[in-house]
Amino acid sequence: MEQSENVMRLAKPKRKGLMGLVFSRLMIVVLLLVVQVLLYLSVFDWFRQYLPHYAVIQSAFILLMTVYLFNNKMDSTAKLTWLALSAILPALGAFLLLYTQTNVGNRTVQKRVEVRIDETRDALPQDAAVLERLRGDAYGTDDLRRYVNRSGCFPIYDRTEVTYFPLGEDKFAAMLRELEKAEKYIFLEYFIIDEGYMWGRILDVLARKAKAGVDVRVMYDGTCEITKLPHDYPKRLEQLGIKAKMFSPVTPFLSTHYNYRDHRKILVIDGKVAFNGGVNLADEYINRKEVFGHWKDTAVMLRGDAVQSFTLMFLQMWNVHEEQPDFAPCAEPSAPAENAEGFVMPFGDCPFDGDKVGESVYMDILYRANDYVHIMSPYLILDGELETALKYAAQRGVDVKLILPGIPDKKMAYALAKSHYRSLHDAGVKIYEYAPGFVHAKVFVSDACRAVVGTINLDYRSLYHHFECATYLYRTPCVANIEADFAETLSKCREVTDESIKNETLSYKLMGSLMKIIAPLM
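To start, this report covers the structure provided alongside it. Computed from a prediction, not measured in an experiment: that's the story for all the values here.

## Considerations on the overall build of the protein
Move 1: The number of helices and strands found in the protein is 22 helices and 19 strands.
Move 2: Split into buried and exposed, the 522 residues of the protein put 57% on the buried side.
Move 3: Intrachain contacts of the protein at a sequence separation of at least 6 include 82% that bridge at least 24 residues.
Move 4: Element-wise, carbon and sulfur atoms account for 58% of the exposed surface of the protein, whose accessible area totals about 22500 Å².

Take a look at the structure:
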């Protein structure tokens, strides 16, 4: 353990480059997966040579797959992908479909998550007075609340003050201030934690607070151990008095564990303050380290009644594998912000319930907008429904603007985003790319009264396969700050035009066209 200038480090940075990759846990996992795939392929190849009427059987098989897929509840774009795979690689396509549909490796987690959600479905009461104030609301906010609560316990609150942070640096500074005030508990749940200045400063506070008797709990997604943290990192945290868990550690076996990642970002302190947004706990998120130009990210801080929802969301995930789950902190009322204006509804999205909550909230904003919908997202990998909603809003006269990265973090995802440009542009959607760098913000803001800030990207992983969370805001003062930040960010963007689409590089055009076939699997 190293400590200097209030920056604590529990591990050395993982080695980069070829040698670091060769001797990493990632390489071991990849090699074992490759061996398994080769074994499966060899079995299929062996079986094929004993089928003299293979073509007839293949045609019948594809027909059966087609009937099955057309009667499946999955998204229509995903059905097309599976049909293409079944036609090109029938045996392998069938295996992959069976593998995903049977949810190999995640059945236990799914059952436990569903149990935790069901047993806390009424954990937070809905204030009837708040619903009365929303009765007959022009934007259907009560209807949206009713839909969101199908998948959990997500009351809509008043008496909650919301602060918007236009950059990760702003959130980080506020986090440090609020962490120093903790007296009872600190709950952190993040997709990415990485050793460095940001996490080191936070860890220094957490260690001191744990030593003083504060209940400090840290949970991060299991993918961190591949490129960020050593496998025994939870034990290292526990030596500091910090309770720690890794959600769904990566295993070297074929399993749907590679989906259903915990992509959420939550910090709750004493039930008084909660943070949510796109900012993970790593140096690039506060521009301490440059990886893809300037990193544009956003977050919100809640103070008041709505904090309880994030406390519940954290405890649901923390208690997934606990034999005696404890939700006591949820029962402690938050200190209301009596003079706060507007309404706040934190909500989560679980990949197991079949409800695409994040996508539905976004589409509700698009379909109900009168004047504008302004969006920031790092990715644009759309299913047919969301693409139709974006186009329909623009075609009926709503000002739909979309800010995407100017410098991508993933070339294939960037190519897929560009594959949607022509269709959206022709429908009147205005697309911009953030010239200074990478946009990681997940923001919708509409009509000077509605906004969503959270973890939900416009891609299949966020909308279908990950645990996500966000904060829905209605008529809160900070909506104006979100729109002002959008305008400021827009001033640093280059617009996607008819000419720029025509002149796009051939490599991106080809990559986007090819990757679109398997977009739902990315």
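More follows now that the structure is in view.
## Details of the pattern of salt bridges
Move 1: Going through the model one piece at a time under the given rule, you end up with 43 salt bridges.
Move 2: In this structure, D142 engages R145 in a salt bridge whose closest nitrogen and oxygen atoms are separated by 3.1 Å. Residue D142 and its partner R145 are both found in helix α8 (residues 141-148); the two are separated by three residues, about one turn of the helix.
Move 3: Between E338 and R159 there is a salt bridge, with its nearest N and O atoms 3.5 Å apart. Pair noted here: E338 is in the loop between α14 (328-331) and β11 (343-349) and R159 is in the loop between α8 and β3 (160-165), with a separation of 179 residues, a long-range link.

## Description of the packing of aromatic side chains
Move 1: With the rule as written, the count across this model stands at 19 aromatic pairs.
Move 2: Aromatic side chains F172 and Y197 sit 6.2 Å apart centroid to centroid with 75° between the ring planes, which places their arrangement in the edge-to-face category. Taken together, the residues span a long stretch of sequence, with F172 in helix α9 (residues 168-179) and Y197 in helix α10 (residues 197-211) at a distance of 25 residues.
Move 3: We classify F172 as buried; its relative accessible area is 7%.
Move 4: Measuring from centroid to centroid gives 4.3 Å for Y185 and F187, while their planes differ by 15°, and the two rings are stacked.
Move 5: For Y185, a relative accessible area of 5% corresponds to the buried category.
Move 6: A residue is classified by how much of its surface remains accessible, and F187, at 0% relative accessible area, is buried.
Move 7: Each residue in the set Y285, F292, W295, Y379 and F438 is aromatic and connected to the rest through ring pairs, giving one cluster.
Move 8: Above the face of the Y197 ring, R288 is positioned so that its terminal group lies 3.6 Å from the ring centre.
Move 9: In this structure, K418 is placed above the aromatic ring of Y508, and the distance from its NZ or CZ to the ring centre is 5.7 Å.

## Observations concerning the nonpolar core
Move 1: In terms of nonpolar packing, the biggest core is built from 158 residues, with W199, I202, L206 and F347 touching the most fellow members.
Move 2: A total of nine residues in this core trace back to one element, the largest contributor, which is α10.
Move 3: Counting seven residues, the second-largest nonpolar core is a separate cluster that includes L69, M74, W82 and L97.

## Description of the sheet that holds strand β18 (residues 468-474)
Move 1: In spatial order, the strands read β11-β18-β17-β16-β12-β13-β14-β19; together these eight strands make up an open sheet with mixed pairing. The open sheet terminates on both sides in strands that have one partner only, identified here as β11 and β19 (493-495). Geometrically, the sheet is characterised by an average inter-axis angle of 20° between neighbouring strands, direction not taken into account.
Move 2: In the packing of α8 onto the sheet, contacts are made with β11, β17 (450-454) and β18, and the angle to β11 comes to roughly 30°.

## So, the environment of K410
Move 1: Summarising the element assignment, K410 is placed in the loop between β13 (399-405) and α17 (411-419).
Move 2: Expressed as a C-alpha distance, the spacing of K410 and Y379, which sit 31 residues apart in the sequence, is 9.3 Å.
Move 3: For K410, the side chain forms a polar contact with the side chain of D409, separated by 3.0 Å.

## With respect to the environment of R494
Move 1: Here R494 shows up in strand β19.
Move 2: Through-space distance from the C-alpha of R494 to that of E433 is 5.4 Å; in sequence the pair is 61 residues apart.
Move 3: Other than its neighbours up to four places away in sequence, R494 contacts G406, Y414, I431, Y432, E433 and A435.

## Section: helix α6 (residues 107-119)
Structurally, the α-helix is built with 3.6 residues per turn, so residues lying three or four positions apart point the same way.
Move 1: When the terminal C-alpha atoms of α6 are compared, their 18 Å separation across 13 residues agrees well with the 18 Å that a helix rising 1.5 Å per residue should span.
Move 2: Taken together, the buried positions of α6 are occupied by V109, V113, R116 and I117. Take α6 and look down its axis: the buried residues cluster within an arc of 95°, on one side only. Along α6, exposed side chains directed more than 90 degrees from the buried face belong to R107, T108 and K111.
Move 3: Those residues of α6 that are buried are in contact with β6 (243-247) and α13 (307-318).

Conventions we followed
- Residues numbered from 1 in each chain as written.
- Predicted model: local features only at pLDDT ≥ 70, side-chain atom pairs only at ≥ 80, totals over all residues.
- Heavy atoms only, no water.
- Helix = DSSP H or I, 4+ residues; strand = E, 2+ residues; numbered from the N terminus.
- Buried < 20%, exposed > 50% of the residue type's maximum accessible area, 1.4 Å probe, protein only.
- Contact = heavy atoms within 4.5 Å.
- Areas by Shrake-Rupley, 256 points an atom, 1.4 Å probe, with all protein chains shown as cover.
- Salt bridge = Lys/Arg side-chain N within 4 Å of Asp/Glu carboxyl O.
- Phe/Tyr/Trp six-rings, centres within 6.5 Å; stacked < 30°, edge-to-face > 60°.
- Lys NZ or Arg CZ within 6 Å of the ring centre and 35° of its normal.
- Core = buried A, V, L, I, M, F, W, Y, C linked by side-chain atoms within 4.5 Å.
- Pairing = 2+ DSSP bridges.
- Axes fitted to C-alpha atoms, helices over the stretch in contact; angles between N-to-C directions.
- Polar contact = N/O pair within 3.5 Å; in protein donor to acceptor, adjacent residues only side chain to side chain.
- Expected span 1.5 Å × (residues − 1).
- Arc of directions from axis to C-beta.

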